[in-house]
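Residues per chain are reported as follows:
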Amino acid sequence: MNTAGHMEATARRGLELTPFRGLRYDPDRVGSLASVTSPPYDVVVRPDGLHHLQSADPYNIVRLILPEAGTPSARTEQAADTLRRWLDEGILTADPEPGLYVYEQRDGNGMLQRGIIGTLRVSEPAEGVVLPHEDVMPPVVADRAALMRATRANLEPLLLTYRGDGAAADVVDRTADRPPLLATTTEDGFHHRLWSVTDPGELARIQTDLAGRQALIADGHHRWATYRRLRAEHPSPSPWDYGLVLLVDTVRYPLRVRAIHRLLHGLRVADALAAVEGLFRVRHLDMPLPEALEALADASCAGNSFLLAGDGGFHLLDRPDPDLLARTIPADRPAAWRALDATVLHAALLEHVWHIPEDSPAHIAYIHDTAATVEKAERDGSTAVLMHPVREEVVRDLARQGVRMPRKSTSFGPKPASGLVLRAMEI
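So, here's what we can say about the structure. (Residues numbered from 1 in each chain as written. Predicted model: local features only at pLDDT ≥ 70, side-chain atom pairs only at ≥ 80, totals over all residues. Heavy atoms only, no water.)

## What to know about the packing of helix α5 (residues 138-151) against helix α8 (residues 221-233)
Between α5 and α8, the shortest axis-to-axis distance is 9 Å and the interhelical angle comes to 60°. With respect to α8, the element α5 is oriented oblique. Of the two possible hands of crossing, α5 and α8 adopt the one that is right-handed. Where α5 approaches α8, its residues Val140, Val141, Ala142, Arg144, Ala145, Met148 and Arg149 are matched on the opposing element by His222, Arg223, Ala225, Thr226, Tyr227, Arg229, Leu230 and Glu233. (Axes fitted to C-alpha atoms, helices over the stretch in contact; angles between N-to-C directions. Helix = DSSP H or I, 4+ residues; strand = E, 2+ residues; numbered from the N terminus. Parallel < 35°, antiparallel > 145°, perpendicular 65-115°, else oblique. Left-handed = near helix turned anticlockwise from the far one by under 90°. Contact = heavy atoms within 4.5 Å.)

What follows is the structure in structure tokens.
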């Protein structure tokens with residue numbers, strides 16, 4: 001058992017994970033379980049991703065998490081009506097008894113991830129139980145809050161990590177030896193399995209182990225902020241005191257940490273390069289994307305570096321001018337924060353060199369898929385800024401210091417598929 005992990009949280013209430021009656025698709029009422037799943041709401045998987053998912057099955061979960069009616073209020077009302085109809089028709093049904101859920105993902109390259117889905121007590125950052133590491137955008141929180149209020153449901157789990165290697169992880173692995181509730185393979189090649197844990201002894205072992213733990217938000221900062229907002233709106237005790245999460249023990253199952261790239265609308269690559277002349281070393285790379293990313297990784301070992309694309313080629317920026325960094329990077333933050341690529345990108349390049357507001361969708365988009373980012377930039381005549389990922393230990397260390405990274409600094413994965421298990425407040 002990780003003794004240090006226990007000691008760091010002895011003064012806290014810790015992680016309080018509770019069973020719930022999961023809502024799941026009736027496999028006899030849908031085309032397939034794979035066809036009704038989607039990535040999390042904020043992950044763009046392809047340019048026509050929303051239409052593709054809607055076309056996969058009339059009951060695809062994307063109709064709940066990303067409704068397409070005209071106005072914001074119409075969208076949330078549409079999602080609520082859709083959920084009520086699916087419940088009335090038996091498309092979604094509640095499991096007979098409360099439980100925690102063991103969730104497994106595998107790919108064809110040896111990746112295996114397992115974790116526990118449950119409802120977690122919502123806590124404030126000052127409690128030091130659930131650590132955020134990125135800031136959130138208030139309009140996104142307002143949008144997710146409106147959707148959850150209207151549906152009275154948590155439609156998809158957010159992803160949290162903790163360092164345990166204890167009794168909870170043992171229960172997870174034992175459970176995975178049993179026949180699952182469901183198994184499906186999505187079109188991205190990932191194999192998904194889900195089990196319920198209802199035995200009182202096993203539930204107690206999980207809860208006792210987690211009670212001394214601290215978690216890091218890996219994916220879902222906006223949904224966690226939404227949980228906090230909705231809890232504040234409802235007198236306690238209420239179902240809003242808890243929110244749906246997937247907890248992964250990264251001692252047993254390390255996550256992959258990938259970068260989130262930027263697409264700068266309306267900024268041509270030639271103009272971006274002209275603006276950084278004399279402020280960064282610029283090297284033009286005549287090579288395919290995989291090799292260009294390797295060059296970016298090599299450059300990142302020596303300091304801040306970025307890969308620009310959008311004009312048919314790749315341009316490696318590194319060795320930033322120390323005077324530029326001294327003028328633009330806030331000095332009142334830890335050295336690890338000041339050295340982040342995302343910090344340099346946002347504080348130096350976006351704000352002072354390219355004059356692009358980071359919170360304006362009209363000027364900047366945040367995209368997880370590397371090839372899609374380059375394709376969009378080339379199609380639109382814009383600039384793609386490709387990033388190198390941050391190590392998990394850097395993220396966790398900054399979070400423990402209470403330091404927030406620039407938004408969209410990291411992409412932990414694999415992310416849980418949406419649509420395998422949902423939570424309704426009244427069930």
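## Notes on the packing of aromatic side chains
Counting across every chain of the model gives five aromatic pairs. Plain terms: the ring middles of Phe20 and Tyr101 are 5.3 Å apart, the flat faces sit at 55° to each other, and that makes the pair tilted. Of the two residues, Phe20 sits in the loop between β1 (17-18) and β2 (23-25) while Tyr101 sits in strand β4 (residues 100-106), which places them 81 residues apart along the sequence. No difference in accessibility class separates Phe20 from Tyr101, as the two residues are buried. With a centroid separation of 6.2 Å and 70° between ring planes, the pair formed by Phe280 and Phe306 is classed as edge-to-face. Note that Phe280 is positioned in the loop between α9 (269-276) and β15 (281-285) and Phe306 in strand β16 (residues 305-309), a separation of 26 residues in sequence. As far as the burial class goes, Phe280 and Phe306 line up, both buried. Sitting over the face of the ring of Trp337, Arg333 holds its NZ or CZ atom 4.4 Å from the ring centroid. (Phe/Tyr/Trp six-rings, centres within 6.5 Å; stacked < 30°, edge-to-face > 60°. Buried < 20%, exposed > 50% of the residue type's maximum accessible area, 1.4 Å probe, protein only. Lys NZ or Arg CZ within 6 Å of the ring centre and 35° of its normal.)

## Examining the pairing of strand β11 (residues 215-219)
A large share of β11 lies buried, amounting to five of its five residues. Here strand β6 (residues 130-131) pairs with β11 via two bridges, running parallel. Looking at β11, one finds that Val130 is bridged to Ala215. Of the pairings in the sheet, the one linking strand β8 (residues 158-162) to β11 comprises four bridges and is antiparallel in character. From the neighbouring strand, Leu159 faces β11, where its bridge partner is Asp219. (Pairing = 2+ DSSP bridges.)

## Structural notes on the sheet that holds β15
The strand order across the open sheet formed by six strands is β15-β17-β16-β19-β14-β18, and the pairing between neighbours is antiparallel. Looking at which strands have only one partner, the edges of the open sheet turn out to be β15 and β18 (364-367). Averaged over all pairs of adjacent strands, the angle between their axes in this sheet comes to 25°, without regard to strand direction. Looking at chain direction, β16 and strand β17 (residues 314-318) are connected through five bridges and run antiparallel. Of the residues in β17, the one forming a bridge with Ser305 is Asp318. Lying on the sheet, α9 is in contact with β15, β16, β17 and β19 (383-386); it crosses β17 at an angle near 25°. The strands that helix α13 (residues 341-353) touches are β14 (261-264), β16, β18 and β19; relative to β16, the one it contacts most, it runs at about 65°.

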